[in-house]
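What follows is each chain in one-letter form.
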Amino acid sequence: MKLSGFLVGGLIGAAATVYVSRKQPGAVAWAAHAVSDVCSSVARKSVSKIMSKSIREEASAFSPKHSDDTAVKSEAAWEQIETIVNSDPSLKREADKIKAESSAIAH
C-alpha cells in the first residue's frame, strides 16, 4: 500500500467521523465505547488463554511421569550392568573393591 493511499483513507475516515458526529453526536461516543469493549475483551481472552496454556505446560513438565514397568526396567538395567561387570575380571575386582570400601564406611 502506498503512503498516499493510506493518507487519503485516513482523511476520508476523519471526514466521515466528523459528519456522523454532527448528525448524531452520541453515535461516535457509542462506537468508540463499543470498539474499546471489544478490544479489551479480546485482550482479556488472549491473556487468559496464554496464561492457562503456560500454566498447564509447566505443570505437565514438572509432574512425575507414572509408569508401571519402571521396576521391571530398573531390574533389567541392573542385571545388564552385573553381566557387564562379571564379564571382565579386572572390572569385577574394581567393583568388589568399591563395594568393600563402601560397606566399611557404612558400618
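Structure: above.
Residues numbered from 1 in each chain as written. Predicted model: local features only at pLDDT ≥ 70, side-chain atom pairs only at ≥ 80, totals over all residues. Heavy atoms only, no water.

A.B. asks: Run through the overall build of the chain, naming residues and quoting values.
C.D. replies: Counting secondary structure elements, the chain contains 4 helices and 0 strands. The secondary structure elements of the chain, listed N-terminal to C-terminal, are α-α-α-α. When the 107 residues of the chain are sorted by exposure, 1% land in the buried category. (Helix = DSSP H or I, 4+ residues; strand = E, 2+ residues; numbered from the N terminus. Buried < 20%, exposed > 50% of the residue type's maximum accessible area, 1.4 Å probe, protein only.)

A.B. asks: Run through the pattern of salt bridges, naming residues and quoting values.
C.D. replies: Applying the stated rule across the entire model yields 1 salt bridge. Residues Lys 92 and Asp 96 are paired through a salt bridge, measuring 3.7 Å at the closest nitrogen-oxygen approach. Here Asp 96 and Lys 92 lie together in helix α4 (residues 89-106), a separation of 4 residues that amounts to about one turn. Look at Asp 96 and you get partly exposed, because its relative accessible area is 34%. (Salt bridge = Lys/Arg side-chain N within 4 Å of Asp/Glu carboxyl O.)

A.B. asks: Let's hear about the environment of Lys 92: which residues, and what values?
C.D. replies: The exposure class of Lys 92 is partly exposed, given its relative accessible area of 30%. Between the alpha carbons of Lys 92 and Glu 82 there is a distance of 9.1 Å; along the sequence they are 10 residues apart. Those residues in contact with Lys 92, other than ones at most four positions away along the chain, are Val 85 and Asn 86. (Contact = heavy atoms within 4.5 Å.)

A.B. asks: A description of the environment of Val 28 should follow, citing residues and the corresponding values.
C.D. replies: Inspection of the secondary structure assignment puts Val 28 in helix α2 (residues 25-62). Considered as a pair, Val 28 and Val 18 are 10 residues apart in the sequence and their alpha carbons are 8.9 Å apart. Non-local contacts of Val 28, meaning those with residues more than four positions away in its chain, are made with Thr 17, Val 20 and Ser 21.

A.B. asks: Give a detailed account of a nonpolar patch on the surface, specifying residues and quantitative values.
C.D. replies: A contiguous nonpolar surface patch, about 350 Å² in accessible area, is contributed by Leu 3, Phe 6 and Leu 7. By the element assignment, Leu 3 lies in helix α1 (residues 3-23). Judged by its relative accessible area of 61%, Leu 3 falls in the exposed class. (Patch = residues over 30% accessible without salt bridge, like charges linked within 9 Å, V, L, I, M, F, W, Y side chains within 5 Å. Areas by Shrake-Rupley, 256 points an atom, 1.4 Å probe, with all protein chains shown as cover.)

This is a description of form; function is not addressed.
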